[in-house]
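# Summary of structural features
The residues making up each chain are set out below.
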Amino acid sequence: MQLPAGITEIPLGENGLRGLQIETPLCSALLGLQGAQLLQFQASGKKPLLWLSEDAVFKAGKSARGGIPLCFPWFGSPAAEDKPAHGFARHRLWRLADARRDGDIVTLELELQDDSSTHLLWPHAFLARQTLVLGQDIRITLCVENRDKVPFTFTFAQHSYFPTSDISRTRVDGLEGRPYFDALQDWKILESEKDGIRFKAETDRVYEGASGHYRIVDEATGHSIVIASDDCKSAIVWNPWTEKNARMGDMGQDGWRRMLCVESGNTGRDAVTLAAGEQRCFTLQLSGD
Ligand code: TA6
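One structure accompanies this document, and this report is about it. Remember, predicted model here, so these are calculated numbers, not experimental data.

Within strand 8 (residues 126-134), eight of the nine residues are buried, which leaves it mostly tucked inside the rest of the structure. Direction of pairing for strand 7 (residues 105-113) relative to strand 8: antiparallel, over a ladder of eight bridges. Residue pairing across strands places L108 opposite L132, the latter belonging to strand 8. Where strand 8 lies against strand 9 (residues 138-146), nine bridges are found, and the strand directions are antiparallel. Looking at strand 9, one finds that T131 is bridged to T141. From the end of strand 8 to the start of strand 9, which pair antiparallel, there are three residues.

Written out as structure tokens, the structure reads:
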């Protein structure tokens, strides 16, 4: 495919993965073709909007630690031991269906279709399309089409990694007082703080039926990140803190201090059921100041 000016295909790491480097007057970005994973994004004159681990690993079948991995067609750890956590979409090579530039706005469309190997994990015919519109902000839209003869149900999350100067001075607004499932306390249902979420230990919370609109405030610098979606009703808030960071091996030295995940999708009771032939799309907008 002939790529527009400002978009260049480049190698990612040493294991044969490829990516697209985007350089325009509005932004600089890097997209991994494995998983259609936006890895880096920085609008001109602003701070990086996504966090990518200094120890991120680029190899087939493993999603790089950071950016926005897509968890699909399930979020979380499935009951079956032989199935990957967070689905298989982030481990697959997506087809670049289109790359456009309108002025300085870049639009990338990538597709993932079922095949015999995905049927072993999830016995359905589907087409997933991930469209990224990159300008001063990120707009990412996942469309899922049921190409099967029967309905199917899926869950998903855009597993967004964001930077912060100091997690202990970071607040997440928009989930005040809401109930959440605490993944660290056997999914016990607890209530969110009334004055915003702060981080004092490993944090792993799943919210369902939430608003889709949140703000991350870096209180040390005054910078904030706005997360907006009318289609994603679940939110997952995660920081691995010290011990899990050390166990993970690709978080970098003390990476946990400078990142958090506020993920947007539809999980649990927000799961999506599509009739045969039906398609639904889910848009997420990310912006920084
Ligand atoms: O979204 C939070 C979470 O489910 C955590 O429990 C942690 O496992 C994180 O995702 C990262 O998962 P990964 O499979 O990418 O290492």
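Attention now moves to the sheet that holds strand 1 (residues 7-12). As summarised here, the arrangement of the four strands in space is 1-2-3-4, forming an open sheet in which the pairing is antiparallel. Lying at the two open borders of the sheet, with one neighbouring strand each, are strand 1 and strand 4 (37-43). Put simply, the sheet's adjacent strands are angled 20 degrees from each other on average, direction ignored. Here six bridges tie strand 3 (residues 27-32) to strand 4, and the two strands are oriented antiparallel to one another. Bridged to A29 within strand 4 is F41.

For the rest of this paragraph, the subject is the site of the ligand. In the neighbourhood of the ligand, the contacting residues comprise R65, F75, H86, R90, H159, D204, I236, W238, K244 and E263. A distance of 2.8 Å separates an oxygen atom of the ligand from a polar atom in the side chain of R90. At 3.0 Å, a side-chain N or O of H159 approaches an oxygen atom of the ligand. With the chains in place, 79% of the 390 Å² that the ligand exposes on its own is no longer accessible. By residue class, the composition of the shell around the ligand is three nonpolar, two polar and five charged.

Below, the discussion takes up the nonpolar core. Core analysis: the biggest nonpolar cluster contains 65 residues, and L38, F41, F72, L108, L134 and F154 have the highest contact counts within it. Formed by seven residues, the second largest nonpolar core is a distinct cluster that contains L12, L17, A56 and A64.

With that settled, consider the state of the cysteines. Counted under the stated rule, the structure contains one disulfide. Between C232, a free cysteine, and C281, which holds the nearest cysteine sulfur, the sulfur-to-sulfur gap is 11 Å.

Mapped onto the elements of the fold, L33 is located in the loop between strand 3 and strand 4. When its relative accessible area of 11% is taken as the criterion, L33 is described as buried. With 60 residues separating them in the primary sequence, L33 and L93 have C-alpha atoms 5.9 Å apart. Ignoring any residue separated from it by four or fewer positions in sequence, one finds L33 in contact with E9, R18, G19, L20, R92, L93, W94 and L110.

Thresholds, definitions, all that
- Residues numbered from 1 in each chain as written.
- Predicted model: local features only at pLDDT ≥ 70, side-chain atom pairs only at ≥ 80, totals over all residues.
- Heavy atoms only, no water.
- Buried < 20%, exposed > 50% of the residue type's maximum accessible area, 1.4 Å probe, protein only.
- Helix = DSSP H or I, 4+ residues; strand = E, 2+ residues; numbered from the N terminus.
- Pairing = 2+ DSSP bridges.
- Axes fitted to C-alpha atoms, helices over the stretch in contact; angles between N-to-C directions.
- Near = heavy atom within 4 Å.
- Polar contact = N/O pair within 3.5 Å; in protein donor to acceptor, adjacent residues only side chain to side chain.
- Areas by Shrake-Rupley, 256 points an atom, 1.4 Å probe, with all protein chains shown as cover.
- Nonpolar A, V, L, I, M, F, W, Y, C, P; charged D, E, K, R; others polar.
- Core = buried A, V, L, I, M, F, W, Y, C linked by side-chain atoms within 4.5 Å.
- Disulfide = S-S within 2.5 Å.
- Contact = heavy atoms within 4.5 Å.

Taken by themselves, the reported measurements are silent on function.
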